[in-house]
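Okay, here's what each chain looks like letter by letter:
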Amino acid sequence: MPEGPEVRLASDYINHICCNVIFSGQIVKSDVSKNPSITFAAPFYTITGQSRGKELLLTLKEADANNGNSEEMNHRVKKECDSRLEMRILFGFGMSGSFSVTDSDNIPKHSHLRFYAHNKSSMVLNFVDPRRFGTWRVTNNWSPNRGPDAAFEYELFCNNIASHLNASLFNKPICEVLLDQKYFNGIGNYLRAEILYRAGIPPFTMARNVFDPSTSQSKNKSKKNNSKPKQETKMSNAVKIEGGIENNKVLSLCRDLQLELIGLRAESWHGSFDEEATARFGSWLQCYCKPEMKNLVDNIGRTIWFLVVCPLIDKKSRMTGSRKKKSDDVKEDLPKNQAKGKRGTDKKSGTKGKKKEDITPIKKPRKRIKVEDPDFQESSKNSEPKGISKGSTRVLRSRKNSSKKGNT
DNA sequence: CGTCGATTCTTGCT
DNA sequence: AAGAATCGACG
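Presented here is an overview of the structure given in this document.

The rules behind the values
Residues numbered from 1 in each chain as written. Chains lettered and ligands numbered in written order. Predicted model: local features only at pLDDT ≥ 70, side-chain atom pairs only at ≥ 80, totals over all residues. Heavy atoms only, no water. Phe/Tyr/Trp six-rings, centres within 6.5 Å; stacked < 30°, edge-to-face > 60°. Helix = DSSP H or I, 4+ residues; strand = E, 2+ residues; numbered from the N terminus. Buried < 20%, exposed > 50% of the residue type's maximum accessible area, 1.4 Å probe, protein only.

Quick notes on the packing of aromatic side chains
(1) Moving on: Scanning the model with the defined rule gives 18 aromatic pairs in all.
(2) Moving on: Summarising the aromatic geometry, the rings of F99 and F127 are spaced 5.2 Å apart at their centres and angled 55° between planes, so their arrangement reads as tilted. With F99 in strand β6 (residues 98-103) and F127 in strand β8 (residues 123-128), this residue pair connects regions lying 28 residues apart in the sequence.
(3) Moving on: Between F184 and F211, the ring centres sit 6.1 Å apart and the planes meet at 25°, which makes this aromatic pair stacked. With F184 in the loop between α4 (174-177) and α5 (189-199) and F211 in helix α6 (residues 207-211), this pair connects stretches of sequence that are 27 residues apart.

Here is the structure:
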């Protein structure tokens, strides 16, 4: 599942491979893809890429067949500054999108958009997407409903969050907020697990408490949400919003883990992940899909992987990050009835399009977990969320703890 | 209007 | 199982 780092690597890959390559001819779309056909008027063009979060923007720019300027183009360029034809295509990778450069005789099976090189015969840039959740469209801009890139626009990224902390979204569990691309563009399911695990934050902590220490501290002291806390310097992330939200642990991890992964995989990046790169990624993961971790399906239906911490265990050992004996840390302290339970609302449950009343009676009551449920959180100190909308009560089920390969 | 839940898309891998 | 758009219900 491509997340920020994979998209960035794809962009780097394109720029690396397509540097000095002239493309020409029709841009070919597969028959099965429902994405738009692309017609670019320039007979010859170059391709460059940029990434922002999970989006990749390709820029096609008119060029001469010899990488110089054609007479006709030269004429226009001189006349009006730079009027070379240009087109941008914005890609979303969905869950299986990637770019790969291949020989024209070896087009990947699920290549859905192809750019043919002109001066390097038989070279093709493919957008490959087996599961076809990927999208593309012609536009010059990033999607307006997606936020800045956490790794490469860190200031903007932090400010976007700090200035919207009062939004109701931040009443939700941090694990769910981390998937909201309006604020966390580039974060996906494996990154959220790694971020929260390394920050030592329980996944269902109210998001606002993670970013605004004043709110979380007030919770600690008393159930009354009255006084503004004065001692807000205990937690590692207890930083004044005004002064330095960029020092917040979760936010800096959003940046640093992505940069780490980009560095980790850049060396062996050849368009697709070879065995070694895949293995390295797997060993980089500390939480996601790890057999010693727990997982649950959250309120938005996504599986969150996390470390369950026994409340009786010395908290300092966690705060300092010395969590070596993982298997010992993981206690079976989840409520019993959470540990099983099948998916009750799959799409094929035979109730598609039906009213809720049809299915509610059938469902047997299960343990529900709200934000910062004291039964669930190791930190009952943070419980008693005053402003929590009672709405976020979805049945949380655990997934089978099957270890998958952490491919992308 | 804002929020929430359900549904849809799609296919490869257990 | 994944990411994201869309739709209807609800208050």
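After that view of the structure, there is still more to cover.
Section: unusual backbone geometry
(1) Moving on: Positive phi values are uncommon outside glycine, yet R132 reaches one of about 55°.
(2) Moving on: Among the structural elements, R132 can be located in the loop between β8 and β9 (135-138).
(3) Moving on: Using a relative accessible area of 47% as the deciding quantity, one classes R132 as partly exposed.
(4) Moving on: Unusually for a residue other than glycine, C289 sits at a positive phi of about 65°.
(5) Moving on: Relative to the assigned elements, C289 resides in the loop between α10 (275-284) and β10 (294-297).
(6) Moving on: Classification of C289 by relative accessible area gives buried; the value is 7%.

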